[in-house]
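# Tertiary structure, described
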Amino acid sequence: MITILLYTIGENVTREQIMSVFPRHKAWVDQFVDEQKIMGIGTFADPLKDGAMGLFPNMELAEEFVARDPFVKEGIVTKVKLKEWAGQFFTSIVR
């Protein structure tokens, strides 16, 4: 079952702090992409307020990602929520 990862940025975390950790986080994301362990990831419009989300093929990969993500390990992300999703994907999008 697809797992949705929801990140909440710490209340007092600044954009400067995020950007100082971002290269290590990006390298971790890139490794997951290269190994085809992640389906998608990104921030909401205002990441400081709304956080970010990721899509993983299963709970195990989502948990592996969180356990070693520099954003979590270095205190940028202070709340993590993992939810299994029984959604569907469609081949075309109506705009």
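Before reading on, note that the structure itself is shown above.
Attention in this report is confined to the structure presented alongside it.

Here is what the cut-offs are and how they apply
- Residues numbered from 1 in each chain as written.
- Predicted model: local features only at pLDDT ≥ 70, side-chain atom pairs only at ≥ 80, totals over all residues.
- Heavy atoms only, no water.
- Core = buried A, V, L, I, M, F, W, Y, C linked by side-chain atoms within 4.5 Å.
- Buried < 20%, exposed > 50% of the residue type's maximum accessible area, 1.4 Å probe, protein only.
- Helix = DSSP H or I, 4+ residues; strand = E, 2+ residues; numbered from the N terminus.
- Contact = heavy atoms within 4.5 Å.
- Patch = residues over 30% accessible without salt bridge, like charges linked within 9 Å, V, L, I, M, F, W, Y side chains within 5 Å.
- Areas by Shrake-Rupley, 256 points an atom, 1.4 Å probe, with all protein chains shown as cover.
- Salt bridge = Lys/Arg side-chain N within 4 Å of Asp/Glu carboxyl O.
- Pairing = 2+ DSSP bridges.
- Axes fitted to C-alpha atoms, helices over the stretch in contact; angles between N-to-C directions.
- Parallel < 35°, antiparallel > 145°, perpendicular 65-115°, else oblique.
- Left-handed = near helix turned anticlockwise from the far one by under 90°.
- Nonpolar A, V, L, I, M, F, W, Y, C, P; charged D, E, K, R; others polar.

Our next topic: the nonpolar core. Tyr7, Phe32, Phe56, Phe65 and Ile76 are the most contacted members of the largest nonpolar core, which totals 19 residues. Sorting the residues of this core by element identifies β1 (2-9), α1 (15-34), β3 (52-56) and α3 (59-68) as the ones contributing at least two each. Top element by residues in this core is α1. It accounts for 5 residues. Beyond its immediate sequence surroundings of up to four residues, Phe32 is in contact with Lys37, Ile38, Phe56, Leu61, Glu64 and Phe65.

The grouping of Met39, Trp85 and Phe89 at the surface amounts to a nonpolar patch, some 310 Å² of accessible area in total. By the secondary structure assignment, Met39 is in the loop between α1 and β2 (40-43). On the basis of relative accessible area, Met39 is assigned to the partly exposed category, the value being 41%.

Time to look at the sheet that holds β2. Taken in spatial order, the 4 strands line up as β2-β3-β1-β4 in an open sheet, and their pairing is antiparallel. Lying at the two open borders of the sheet, with one neighbouring strand each, are β2 and β4 (77-85). Geometrically, the sheet is characterised by an average inter-axis angle of 15° between neighbouring strands, direction not taken into account. With 8 bridges joining them, β1 and β4 adopt antiparallel strand pairing. Residue pairing across strands places Ile2 opposite Trp85, the latter belonging to β4.

Turning to the pairing of β3, a few remarks are in order. Summarising burial for β3: 4 of the 5 residues are buried, a large majority. By the bridge criterion, 4 bridges tie β2 to β3 in an arrangement that is antiparallel. Bridge assignment links Gly40 to a residue of β3, and that residue is Leu55.

It is worth spelling out the packing of α1 against α3 at this point. It is at 10 Å that the axes of α1 and α3 come closest, and there the two elements cross at 155°. Comparing the axis directions of α1 and α3 gives the class roughly antiparallel. Relative to α3, α1 is oriented so that their crossing is right-handed. Residues His25, Trp28, Val29 and Phe32 of α1 form the contact with α3, whose own contacting residues are Leu61, Glu64, Phe65 and Arg68. Considered class by class, the residues forming the contact of α1 with α3 number 5 nonpolar, 1 polar and 2 charged.

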